[in-house]
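# Coordinate analysis (summary)
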Amino acid sequence: MIQKGKHMNEKSKTTVKQVFKNLGRLYWMTKEHFGWGFLRFIGGISSALIGVFGSWIMGTVIDVALSGDFKRFHSFMFLIALQITLRGIINYVNPLTGRRYSVYSGRKIRTLAIEKINRLPISYYEKKHTAETISRLANDIDSLQEFYSDSIAGIWSFVPSMLISSTWLLCSIDPLLTLICGSIIPIIWFFVGKISIPIGDTSKNVQKSIAEYNSYLRDFLEGIHIYIAFAMKKIFASKFEKACRDVVEESLKMSRMRSKAIGLNIFSFIIPQALAYGIGGIFVVNGRLTIGQLVIFANVLFPLLNSIRQLSGSWADFLTQSGRAQHLYELLDSPEERADGEDFTDNPHDTVIEFENVRYSYVDGNPVLTDTSFKICEGKKVALVGSSGSGKTTVHKLILGYYDNYGGIIRFYDKDIREWNLKALRNQVSVVTQEVYLFCDTIMENIRLGNPQASDEEVINAAKAAYAHDFIMEFTDGYKTPVGERGMKLSGGQRQRIAIARAMLKNAPVLLLDEPTSALDTKAEYYVQKALERLEEGKTVFITAHRLSTIINADEILVLDSGRIVESGTHEELINRKTKYYELYNRQVFEHEGKVTA
C-alpha cells in the first residue's frame, strides 16, 4: 500500500525555468508528429488574423455606408463574404489538425511509457504500487494528450497573433485610447501570476493523491474475498474515505487557486471594456474617432482582452500540466534494467547454475542470503528447502537476473550472470511458480505465451502433456474459453497445469519450480505432479519445495537456513544425519498425521 509521504506536506517550489523545461521535454518527446502541430500552429495564426480582419471590415463598412459611397460598399460586401468563407475553412481544418496532433502525440507518450515499463527492473514494481503506475499511464497521459493541441492552438499561435495584430490595429486607430484601456492589464496580470505560481506544486500533489486513491481501490477490488471473509468493510471504508478526502482537499486547493486567478482576471476584461465605450464615446462626440472606428476598436478590444485572459489561464494550465509531466517523468526517468551482456547459449557447461558466496539484502538492510554457495549440474534435479522467509524465492529471482545489487558470484553455464544478456539468459529458463498468473484471454493464448510462434496443434500437444487437455475440452468453448481476470474462472490445479503447458511449449533447458504444488489439494496435486514429471524430462531442474514429500527423488537437496546452505545430500542421506532437514521433514510428517487423525 502506498504510504502517504512527505510530498503532501513539503512546499517544493516550482520555478518558471522548471515549468518550461518540463514542457519543452514534453514537446520534444513527440517531435516526429509536429508536422500536424505546425499545421495547427499556422491555423491558430490564421484564425487570429482573420478575426481581426473581420472586425476591421465590419467597422469600416459602417463608415462607408454612412458616407454614401455605394461603390466601395459593394467592394466591402465582397470582403465580408471572403472573410466568412475563410473563417469556415479554418474552423474546419483547425480541429482536424489539432486532434490528429493530440492523438498521435498521446499515442507516442503511451508507447514510450510502455517501452519504459518493459525495461524497468523487478525492484521497481516491488517498491511501487500498481495503481500508481496505472495513474501515470491513464490520468497523466490523457490530460497531457489534450494539452498538446490546446497549447499549440492557443498560447503558441492564436494568442500571440491576436495580441500583436490587435494591438497594432488599436494603436493605428487611437494610441491614447489604447494606452488608457491597456494600462490596467499589466497590474492585474502581475497579481494573477503571483497567485498562479503554486498551482504546479498543487497539481503534482493532486496526481499523487489520486494514485493513492487508486491503490486503495485496486487493493479492494483484487482482495474483495478477503475483505468480505474478514468483515473488513469498515476498515476499507475508513481508508477509502481518507484517500477520497485527500483527493478532494488537494483538488479544492488547486480549484481555489485557479478561481482566484480567474476572478481577478475578470477585472482585466471588464474595466478596459468600460473605458473603451466611455472614453471612446467622448472621442466620437469630439470628432477624434468615427463611429466605425469605435466599432472596430470595441470589436478588436474584446478578443484582445480575451486573449490576455487566455494567456493568464494558459500559464495556470502550463503549471498544471508541468506538474503532470513531472509526475510522468518520475516513471520515464526511473533506472532501467541493464540491456548489455552477451548470449552464451551456444557455450553450455556441465555446471548450469553456481552460487559462490552470494550475499543479498533488501532495502531494509536485513540480510536474506549470507555466503550462499551451491552448484547445479546439467540434467540434475536439485531441490532447495528451508523454513518460510529463509530466502528460497530470492534465490530464484537472482538466477533470473532480477537483482544486480548482490555480493559474490552467480554463474550460469559457467559465465557470470552479470556478463549475460538478460533476455538470452531468461530464454534458457522456464518458470512455474506457486502463484500462477494467467492473463485475461483464452486458454489457447495463455499457453501460447510460452512460444508466441507455436501453432494451435503445438499448443494442444503441450496441454495434453500437462494433463490439461481433458478439463479444457469440458468447457463449451474448449481452448477458446476465456480464463477471466487473473485466471479466476479456473481452479488452482487447472491454472497450475496451464502454466506447466506454457513452460512445456517454451521447452527451455533449465526449469525453475517455486513451490508449484504447495497450495493444491491432494487430487489437484496428483495431476500437477504427473505433469511436472513430464515437464522435467531431459531438463535441469531447480525446485524450491514446501511439501518435502514432493522432492524425495531429487538428485540433491539443499537446506537453506539463515541465508546459508547448511547441509546437502539425497533425501536418505539427510534423514540419516538427523539434522536440520530431518527436523523439517519430521515436523511435516507429524503435522500431516495430526491433521489426518483430527
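Source: prediction; values computed, not measured.

Criteria and cut-off values
- Residues numbered from 1 in each chain as written.
- Predicted model: local features only at pLDDT ≥ 70, side-chain atom pairs only at ≥ 80, totals over all residues.
- Heavy atoms only, no water.
- Helix = DSSP H or I, 4+ residues; strand = E, 2+ residues; numbered from the N terminus.
- Buried < 20%, exposed > 50% of the residue type's maximum accessible area, 1.4 Å probe, protein only.
- 1 Å grid on protein atoms, 1.4 Å probe; cavity = no way out; pocket = protein on both sides within 12 Å on 5 of 7 lines; lining within 4 Å.
- Points joined across faces, edges and corners; volume = space filled by probe spheres on them.
- Nonpolar A, V, L, I, M, F, W, Y, C, P; charged D, E, K, R; others polar.
- pLDDT = per-residue confidence, 0-100.
- Contact = heavy atoms within 4.5 Å.
- Axes fitted to C-alpha atoms, helices over the stretch in contact; angles between N-to-C directions.
- Parallel < 35°, antiparallel > 145°, perpendicular 65-115°, else oblique.
- Left-handed = near helix turned anticlockwise from the far one by under 90°.
- Pairing = 2+ DSSP bridges.
- Phe/Tyr/Trp six-rings, centres within 6.5 Å; stacked < 30°, edge-to-face > 60°.
- Salt bridge = Lys/Arg side-chain N within 4 Å of Asp/Glu carboxyl O.

Along the chain, Val-429 turns up in strand 6 (residues 429–433). Taking the relative accessible area as the measure of exposure, Val-429 reaches 2% and is therefore buried. Spatially, the C-alpha atoms of Val-429 and Pro-509 are 6.5 Å apart, while their sequence positions differ by 80 residues.

Moving on: empty space enclosed by the protein. Per the counting criterion, the structure on display carries one cavity of 30 Å³ or more. The calculated volume of the largest cavity comes to roughly 60 Å³. Together, twelve residues line the largest cavity, and Pro-516, Thr-517, Ile-543, Ala-545 and Thr-550 are the ones closest to its centre. Elements with a minimum of two residues in the lining of the largest cavity: helix 18 (522–536) and strand 8 (540–544). When its residues are assigned to classes, the lining of the largest cavity shows four nonpolar, six polar and two charged.

So, about the confidence of the model for the chain. Summarising the model, the chain shows a mean pLDDT of 82, and 85% of its residues fall at 70 or more. Note on residues 1–12: pLDDT under 50 across the span, and 22 contacts to partners over four residues away in sequence or across chains. Confidence drops under pLDDT 50 across residues 593–598; counting only partners more than four residues distant or on other chains, this segment forms zero contacts.

The topology assignment puts Ser-161 in helix 5 (residues 130–173). By relative accessible area, which is 13% here, Ser-161 ends up buried. The contacts of Ser-161, once residues within four sequence positions are left out, are Ile-45 and Ala-48.

It is worth spelling out the environment of Asp-174 at this point. Counting through the fold element by element, Asp-174 comes out in the loop between helix 5 and helix 6 (175–182). Along the sequence, Asp-174 and Leu-289 sit 115 residues apart, while their C-alpha atoms lie 8.0 Å from each other. Not counting the four nearest positions on each side in its chain, Asp-174 is found in contact with Phe-283, Arg-288, Leu-289 and Phe-297.

Let's shift gears to the packing of helix 15 (residues 456–465) against helix 17 (residues 492–506). When two helices pack together, their arrangement is given by the angle between the helix axes and the distance between those axes. Close contact between helix 15 and helix 17 brings their axes to 8 Å; oriented N to C, the two are set at 125°. Regarding the angle of helix 15 to helix 17, the classification is oblique. Judged by the sense of rotation from one axis to the other, the crossing of helix 15 with helix 17 is right-handed. Contacts from Glu-458, Val-459, Ala-462, Ala-463 and Ala-465 of helix 15 reach helix 17 at Ala-501, Met-504 and Leu-505. Of the residues contributing to the contact of helix 15 with helix 17, the split by class is seven nonpolar, no polar and one charged.

Where helix 1 (residues 16–29) meets helix 3 (residues 70–119), the axes come as close as 9 Å, and the angle between the chain directions of the two elements is 95°. With respect to each other, helix 1 and helix 3 are oriented roughly perpendicular. Only Tyr-101, Lys-108, Ile-109 and Leu-112 of helix 3 make contact with helix 1, whose side of the interface consists of Leu-26, Tyr-27 and Met-29. In terms of residue class, the contact of helix 1 with helix 3 is built from six nonpolar, no polar and one charged.

In this section: the sheet that holds strand 9 (residues 556–561). In spatial order, the strands read 6-7-8-3-9-10; together these six strands make up an open sheet with mixed pairing. Edge strands, defined here as strands with exactly one partner in the open sheet, are strand 6 and strand 10 (564–569). Adjacent strand axes in the sheet meet at a mean angle of 15° when their direction is disregarded. Strand direction decides the pairing type here: strand 6 and strand 7 (residues 510–514), joined by five bridges, are parallel. Note that in strand 7 the partner of Val-429 across the bridge is Val-510.

Below, the discussion takes up the pairing of strand 3 (residues 381–385). Of all five residues in strand 3, five are buried, a share of seventy percent or more. Examined bridge by bridge, strand 3 and strand 9 share four bridges and lie parallel to one another. Note that in strand 9 the partner of Ala-383 across the bridge is Ile-557.

Let's shift gears to the packing of aromatic side chains. In the structure shown here, the tally under the stated rule is 21 aromatic pairs. Their ring planes at 50° and their centres at 5.8 Å tell us that Trp-56 and Phe-76 sit as a pair that is tilted. Of this pair, Trp-56 sits in helix 2 (residues 34–67) while Phe-76 sits in helix 3, and the two are 20 residues apart along the sequence. On the basis of relative accessible area, Phe-76 is assigned to the buried category, the value being 8%. A ring pair is formed by Phe-344 and Trp-420, whose centres lie 5.4 Å apart and whose planes are at 70°; its orientation type is edge-to-face. Placement of Phe-344 in the loop between helix 11 (291–332) and strand 1 (351–361) and of Trp-420 in the loop between strand 5 (415–416) and helix 13 (422–427) is noted, with a sequence separation of 76 residues between them. In this structure Trp-420 comes out as buried when scored by relative accessible area, which is 0%.

Take the sheet that holds strand 1 next. Where strands meet in a sheet, backbone hydrogen bonds hold them as pairs that are either parallel or antiparallel. Strand order in the open sheet made by the four strands is 2-1-4-5, with antiparallel pairing throughout. Of all strands in the sheet, those bounded by a partner on one side alone are strand 2 (367–377) and strand 5. Examined bridge by bridge, strand 4 (residues 407–412) and strand 5 share two bridges and lie antiparallel to one another. Bridging across to strand 5, Arg-411 finds its partner in Asp-416.

Side chains bearing opposite charge may pair, as long as their charged atoms lie close to each other. This structure, assessed with the given rule, holds 17 salt bridges. With a closest N to O distance of 3.0 Å, Glu-32 and Lys-108 form a salt bridge. Taken together, the residues span a long stretch of sequence, with Glu-32 in the loop between helix 1 and helix 2 and Lys-108 in helix 3 at a distance of 76 residues. You can call Glu-32 partly exposed: its relative accessible area is 44%. Two residues, Glu-356 and Arg-411, come together in a salt bridge whose shortest N-O distance is 2.8 Å. Of the two residues, Glu-356 sits in strand 1 while Arg-411 sits in strand 4, which places them 55 residues apart along the sequence. Overlapping salt bridges, with partners in common, bring together Lys-116, Arg-119 and Glu-336 in one network.

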